[in-house]
Amino acid sequence: GLLLARSPARVGNGRARRVPAGNGKPGSGRPVGGGPMCMECVTGACVPLPPQSDYHFEYTECDVLGSRWRVSIPNKPDTCTGLPDPVKGTKCTFSCNEGEFLDMKTQECQKCAAGTYSLGTGVAFDEWDTTPPGFITLGVNMNAGDIYMNCSNSTWTPKGDYIASNTDDCTSTLSYAVTLKKPGSVSFQYLYPDNSVFFEFYVQNDQCQSTESETRWMRTTESDWDTHIVQLSRGNNVLYWRTTSFALNPGAVKPVLLQNVAISGVAYTSECFQCKPGTYSAEPGSARCAPCPANSYSNKGATVCQECEKDKYAGVGSGSCLPRPACSASDYFYTHTPCDSAGETQLMYKWIEPKICDESAEGAAGLPASGQMEACPPCNPGFFMNNASECLPCPSGFYSNGTACAECPAGTEPVVGFDYKWWNRMPSNMRSLVKADAWAVAGDNSFAGNGLNAFPSLPRSVAKDEERGELSKISFVFETSCTADCVLHFMVVRTSERTNRVVETWKGTHGKQSYTFIIQSNSTVSFTWGFQRTAGYTESKYSSDFAKIFAIGITNAMDGVASHCRHCALSSARSQPGCVPCPAGDYMLNSTGVCKACPANTYIRAEQPVGRGACVPCGPNTHSNKARTACQSTCRLSVKQEAGWALQYDFSSLANATAFGSSPLFTSKGLRYFHQFGVALCGTEGREVATCVDNVTDSRKEVRGYVCQATVVPSDVRGQRVVSSQPISIGDTLLGETKVPFPLYACCRGSETTQACKAGRTTSIRLRCDPTVSAPNEISLPSECKEGTCDGCSFHFLWRSQHACPLCSERDYKRIESACVQGITHTTYVWQQPARCAGGVSLPPPTASACVTLDFWLKLGVGAGTAAAVLLIGISCYFWKRTRRLEYRYSKLMTGSGDRECQLPAADSCAIMEGEDAEDDLIYLTKKSIFGKIKSFSRERTSDGFDSVPLKSSSGMEMEMD
């Protein structure tokens with residue numbers, strides 16, 4: 001046949017294909033069959049088709065009728081020519097069953113060969129020696145400000161059985177794109193042990209719409225893998241696994257581990273997957289591979305597992321065998337058999353399973369002989385031993401020290417709880433996770449292992465009070481011994497939380513010590529101890545590492561047992577015999593059962609309601625609440641001064657819960673984060689308290705109190721407005737208020753203890769009066785300690801506010817009076833400067849009052865002054881005139897005497913004659929007016945030097961003499 005033309009055309013997937021020119025039959029212009037020996041004739045010349053290894057088959061996109069074409073795609077561009085022509089493909093709804101694959105050459109389902117497996121309508125990824133095809137991992141710097149951070153190497157790293165995330169401050173993303181022909185799902189297993197890493201999984205569809213933000217955050221796990229399943233829609237789906245760490249010490253961060261990714265809904269798989277090392281499939285058409293049993297191994301694609309040699313061992317699902325080390329004393333342990341009727345128990349020695357050591361090796365230790373009889377240890381307090389030598393709990397109202405039960409005497413009640421100190425067998429309310437013997441009785445009054453979960457019952461119900469400091473507590477004594485980087489975790493989970501919350505972690509070797517955790521909420525609580533031998537998550541590599549717990553004590557458990565009884569208050573009502581609690585604010589006298597009221601401004605110590613020491617005094621300027629369970633402040637403070645008066649403070653405007661943040665902080669690689677604090681300074685019962693939450697992990701932990709702290713990562717890292725995590729309480733018990741030298745609110749103490757803060761955390765808030773601050777809340781941290789604390793235990797804040805000033809009083813303003821204007825004066829009151837008060841009394845309103853003006857007083861003063869001046873002048877003139885007359889008389893006498901010494905002159909007619917009385921001839925001057933006197937004063941003297949003197953004759957006539 002002759003093929004006249006071959007023109008390229010476009011198909012649905014955008015790739016070039018050849019238009020078929022024939023029906024595939026002889027003489028149609030197309031060869032029959034295909035493969036490296038096929039020939040294609042073009043213009044009479046036959047050319048061979050490329051070998052099958054140079055190309056592969058794919059389907060085009062489905063059209064509106066649900067049809068598609070099978071096309072051949074070269075594995076390398078431009079490497080071969082003469083590809084097979086496209087042919088009609090299967091229907092888009094076509095799928096194969098589990099254990100089958102679609103042979104693209106024949107377009108028929110074929111069974112997978114032995115040593116391989118297939119999910120049928122899905123794909124699975126369980127080998128992570130390298131990053132599987134289709135997966136893309138990328139490390140980026142999502143938020144580092146101006147700090148350069150190289151994140152090119154911060155990617156997900158294949159580790160063989162799993163793939164691990166980064167542990168630095170970069171954001172690492174693992175993605176996989178898949179097209180589903182029908183609705184399906186994606187499932188994967190993950191290990192997420194560290195909540196200092198943000199881990200999210202989400203899916204984007206054709207419209208780039210992502211998974212709801214509420215379901216994208218993964219919940220933390222601790223010692224076991226968890227499975228996550230998400231439903232997928234038909235069409236294109238892009239899967240994203242993304243992590244970001246913000247720990248201050250990246251070396252201590254544990255990565256997120258991912259394994260066994262399976263996707264269903266792809267309608268077909270064109271190949272079967274080989275079983276990974278350590279697994280096998282013996283029959284054709286397997287949907288999954290089975291793990292090899294212990295002490296056997298397999299290679300990739302195995303159909304059967306191979307036994308290890310005698311001097312080697314392998315765990316379940318191992319891909320190789322390891323040499324057996326010589327046995328030592330750390331490879332076995334002993335337990336006790338149940339006590340027999342004679343009260344004896346038998347020692348039984350056992351190898352630690354799985355046994356990996358070789359007892360026949362040179363220098364190896366053998367297993368000691370079992371069967372030695374010993375006296376049974378006593379039962380734990382609160383239990384008794386029955387005739388079958390079993391330890392059973394004492395009935396309600398009874399107590400025991402581990403032997404026989406005794407009823408509590410009248411006027412007493414049992415102190416319920418759990419006190420485990422003897423480990424003849426595992427208590428009934430405790431179990432071992434991961435595997436049955438992960439934690440086992442060690443025989444030396446302890447038990448050891450690497451995975452324990454204890455489930456104490458609901459704590460005994462008490463009056464609900466959010467401010468109660470302690471409701472119950474758990475204490476335990478432990479020891480760890482490590483040859484590598486082993487870790488012991490202590491975790492708590494409540495009914496309101498779905499995941500374990502790590503409370504404390506001990507790394508490396510620790511001698512025998514105790515730890516106590518306070519329970520502050522009335523709810524069902526479970527405790528978990530998890531021990532990891534190495535950070536590599538391998539098993540039995542360091543068999544000599546161990547963790548031992550010697551004793552566990554839990555108080556105030558509702559269905560617990562009693563080791564002793566305590567006195568209680570007796571009811572006075574006949575209808576209610578037995579013990580009753582003391583009234584609120586009362587404590588019980590020792591050994592009497594009599595309740596007595598605590599002094600004022602004290603609260604009852606929850607863990608010690610007996611004795612005078614149960615009354616705890618409140619701090620300065622605080623008082624107890626109604627339930628007498630805690631102290632609180634009314635937001636008012638009075639500070640006496642040396643002068644006798646007192647400054648009054650009112651912090652009511654600062655009582656509302658306030659949130660503030662630290663300045664930006666950066667990790668070693670430049671990731672920016674903040675510490676956000678919540679403060680509820682004071683207030684009455686039922687007030688709003690400070691709240692810090694975890695909105696990243698699935699636990700949604702919430703901390704409430706006077707002061708709390710959370711770590712906040714910028715929103716552009718997580719695509720949320722606020723991302724908060726790691727909330728802690730740094731103040732849930734009010735200590736009091738003082739004044740040195742300005743208000744120091746020695747606020748609170750946190751009851752939660754850590755290894756670094758064995759006495760809990762404390763918070764001090766200094767309130768500084770600053771009337772210039774207009775913002776309602778201006779709180780700053782110490783300049784030397786940018787995180788609010790220098791040691792992680794003591795926090796200090798400075799709160800500048802106008803509401804921190806003392807209340808204003810009459811001493812804080814002054815009075816100013818205006819001038820008298822038109823008979824009216826105005827009085828105004830102004831604050832003293834600089835202002836150092838706020839609130840309190842208000843300024844009195846301005847007043848106006850009548851007054852006498854300055855013009856009147858000026859006129860009156862001028863008139864009075866003028867009159868006084870005239871009077872003074874008149875008096876002066878009068879005395880001057882009199883003096884002149886006396887001078888005249890004296891001069892007259894001196895002139896008349898002449899030269900006669902010591903003889904007065906003879907009197908003339910005008911003088912007083914001898915023998916005359918001066919009183920008879922006095923000259924009386926006429927009474928003149930003031931102007932007349934002034935006129936007479938102005939007369940000039942005569943030429944002879946004498947003045948004219950007016951005289952009056954004896955007849956009363958006035959005359960004038962010169």
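Residues numbered from 1 in each chain as written. Predicted model: local features only at pLDDT ≥ 70, side-chain atom pairs only at ≥ 80, totals over all residues. Heavy atoms only, no water.

Turning next to the side chain of Ser-318. Within the element layout of this structure, Ser-318 appears in the loop between strand S26 (312-313) and strand S27 (322-323). For Ser-318, a relative accessible area of 17% corresponds to the buried category. Ignoring anything within four residues of it in the chain, the contact list for Ser-318 reads Gly-278, Ser-296, Tyr-297 and Ser-298. (Helix = DSSP H or I, 4+ residues; strand = E, 2+ residues; numbered from the N terminus. Buried < 20%, exposed > 50% of the residue type's maximum accessible area, 1.4 Å probe, protein only. Contact = heavy atoms within 4.5 Å.)

So, on to the nonpolar core. With 30 residues, the main nonpolar core has Phe-490, Phe-517, Phe-527, Trp-529 and Ile-552 as its most contacted residues. For this core, the secondary-structure elements that each account for two or more residues are strand S35 (412-420), strand S40 (472-481), strand S41 (487-494), strand S42 (501-507), strand S43 (510-519), strand S44 (525-532) and strand S45 (546-555). (Core = buried A, V, L, I, M, F, W, Y, C linked by side-chain atoms within 4.5 Å.)

Looking now at the packing of aromatic side chains. One pass over the structure, following the stated rule, counts 39 aromatic pairs. Their ring planes at 40° and their centres at 5.9 Å tell us that Tyr-117 and Phe-273 sit as a pair that is tilted. In this pair, Tyr-117 sits in strand S10 (residues 116-117) while Phe-273 sits in strand S21 (residues 273-274), placing the two residues 156 residues apart along the sequence. On the basis of relative accessibility, which here comes to 4%, the residue Tyr-117 falls in the buried class. Clustering of aromatic rings is evident, with ring pairs tying together Phe-125, Trp-128, Phe-135, Trp-156, Tyr-176, Phe-188, Tyr-190, Tyr-192, Phe-199, Phe-201 and Trp-241. Between the NZ or CZ atom of Arg-70 and the centre of the ring of Phe-57, over which it lies, the distance is 3.8 Å. (Phe/Tyr/Trp six-rings, centres within 6.5 Å; stacked < 30°, edge-to-face > 60°. Lys NZ or Arg CZ within 6 Å of the ring centre and 35° of its normal.)

Okay, the sheet that holds strand S72 (residues 847-850) next. Across the sheet, which stays open at both edges, the three strands sit in the order S70-S71-S72 with antiparallel pairing between neighbours. On the outer flanks of this sheet lie strand S70 (813-817) and S72, each paired with one strand and no other. For this sheet, the mean angle separating the axes of adjacent strands, direction not counted, is 25°. As judged from the four bridges shared by strand S71 (residues 824-831) and S72, these two strands associate in the antiparallel manner. Bridging from a neighbouring strand, Thr-827 pairs with Thr-847 of S72. (Pairing = 2+ DSSP bridges. Axes fitted to C-alpha atoms, helices over the stretch in contact; angles between N-to-C directions.)

Taken as a whole, the protein shows an average pLDDT of 75; of its residues, 74% reach a score of 70 or greater. Note on residues 450-468: pLDDT is under 50 here. Beyond four places in sequence and across chains, it has 75 contacts. Predicted confidence is poor over residues 907-926, with pLDDT under 50, and the contacts of this stretch with residues over four places away or in other chains come to 15 contacts. (pLDDT = per-residue confidence, 0-100.)

For the coordinates displayed, the defined rule picks out 18 disulfides. Across a sulfur-sulfur distance of 2.0 Å, Cys-635 and Cys-682 are joined as a disulfide pair. Between Cys-635 and Cys-682, the S-S dihedral sits near 115°, and the bridge is therefore right-handed. Linking Cys-635 in the loop between strand S54 (631-632) and strand S55 (636-640) with Cys-682 in the loop between strand S59 (672-679) and strand S60 (690-693), this pair joins segments that are 47 residues apart in sequence. The burial state of Cys-635 is the same as that of Cys-682; both residues are buried. The disulfide that involves Cys-769 links it to Cys-805, with 1.8 Å between the sulfurs. (Disulfide = S-S within 2.5 Å.)

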